[in-house]
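Tertiary structure, described
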Amino acid sequence: VQLVESGGGLVQPGGSLRLSCATSGFPFSGYSMRWYRQAPGKERELVAGISSAGSSTNYADSVKGRFTISRDNAKKTVYLQMNSLKSEDTAVYYCYGFRSVIRLVEFWGQGTQVTVSS
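All residue numbers refer to positions counted from 1 along the written sequence of the respective chain. With pLDDT at 70 or above as the cut-off, local features in this predicted model cover only qualifying residues; side-chain atom pairs require 80 or more to be listed or tallied, and sums for whole chains, interfaces and linings still use all residues. To obtain the side-chain values, all non-hydrogen atoms of the structure were used and water was disregarded.

This next bit is on the pattern of salt bridges. Any carboxyl oxygen of Asp or Glu within 4 Å of a side-chain nitrogen of Lys or Arg constitutes a salt bridge here. Overall, the coordinates contain four salt bridges when judged by the stated rule. Put simply, D89 and R37 hold a salt bridge, and the shortest N to O gap is 2.9 Å. Remark: R37 occurs in strand β4 (residues 32-38) and D89 occurs in the loop between β8 (77-82) and β9 (91-100); sequence separation between them is 52 residues. For every residue, the accessible area obtained with a 1.4 Å probe (protein chains only) is divided by the maximum for its type, and the residue is called buried under 20%, exposed over 50%, and partly exposed between those limits. Residue D89 is classed as buried on the basis of its relative accessible area of 0%. With relative accessibility at 5%, the residue R37 sits in the buried group. The helix and strand labels rest on DSSP assignments: H or I over at least four residues marks a helix, E over at least two residues marks a strand, and numbering proceeds from the N terminus.

What follows is the structure, given as C-alpha cells:
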C-alpha cells in the first residue's frame, strides 16, 4: 500500500497550491479519503474529507471557502486545492484513506510540507 503526497512547497500569503495524493495497493474507490495537517507543536487536525464516490465532502471551519477536496477514482488520486493561503495554514499535510465495514482499515501517507510565508 502506498499513499504518496506531492505539491507542497513555499507560497506567499494569498497564494494557491494543489496537493495530490497518488495511491496504490488498495481498492481506492471503496475508501473515503481525508487530508489532515499538523503544524509544529500542535496536534494533527482534520482539514477535509470526501466520500468514496466523491458525492459528499466536509471541511474544517478554518478552511471552508478556501480549500476544495476532490478525487479521481480512475487515477486513484485525491486532491486538495488550497486558495487564499494564510500563514496559519503552514503545516505538514497528510493524506489518509479509510474504510470501516467489519473493521477499520486505514492508511496514511508520509506527508508533504506546506509553508506560507512572505
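On to the pairing of β4. Any two strands are treated as partners once DSSP identifies two or more bridges connecting them. Sheet topology places β4 next to β9; seven bridges connect them, and they run antiparallel. Paired with Y36 across the two strands is Y94, which belongs to β9. Summarising the sheet, β4 and strand β5 (residues 45-50) pair through five bridges and their orientation is antiparallel. Opposite M33, over in β5, you have I50 as the bridge partner. In textbook terms, the turn of a hairpin is the stretch between consecutive antiparallel strands, and for β4 and β5 this stretch comprises six residues, one of which, G41, has a positive phi near 80°.

With respect to the secondary-structure elements, T90 resides in the loop between β8 and β9. A 3.5 Å cut-off defines polar contacts: any pair of N or O atoms within that distance qualifies, except that in protein one atom must be a possible hydrogen donor and the other a possible acceptor, and neighbouring residues in sequence count only when both atoms are side-chain atoms. For T90, the side chain forms a polar contact with the main-chain oxygen of S87, separated by 2.9 Å. The criterion used for residue contact is that any of the two residues' heavy atoms lie within 4.5 Å. If near-sequence neighbours (up to four positions away) are discounted, T90 is found in contact with A39, Q113, V114, T115 and V116.

The next point concerns the packing of aromatic side chains. Where two aromatic rings form a pair, the distance of their centres and the angle of their planes describe that pair. Ring geometry is summarised as follows: Phe, Tyr and Trp rings, the Trp one being its six-membered ring, pair when their centres sit within 6.5 Å, and such pairs are stacked at plane angles under 30 degrees, edge-to-face over 60 and tilted between the two. Per the stated rule, a full pass over the model turns up nine aromatic pairs. Among the aromatic side chains, those forming a connected cluster through ring pairs are Y36, Y94, Y96, F98 and W108. Against the face of Y79 rests R18, its NZ or CZ located 4.0 Å from the ring centre. A positively charged side chain is recorded as over a ring if its NZ (Lys) or CZ (Arg) lies within 6 Å of the ring centre. The angle to the ring normal must also be within 35 degrees.

To continue, consider the sheet that holds strand β3 (residues 17-24). Taken together, the four strands give an open sheet; going across it, the order is β1-β3-β8-β7, and neighbouring strands pair in antiparallel fashion. Every interior strand has two partners, whereas the edge strands, β1 (2-6) and β7 (67-72), have only one. Neighbour-to-neighbour, the strand axes of the sheet open up by a mean angle of 15°, direction not taken into account. Pairing of β3 with β8, which is carried by six bridges, proceeds in the antiparallel orientation. The residue bridging R18 from the neighbouring strand is Q81, located in β8. In this analysis, axes come from line fits to C-alpha atoms, helices being fitted only over the stretch in contact, and the angle between any two N-to-C directions falls in the range 0 to 180 degrees.

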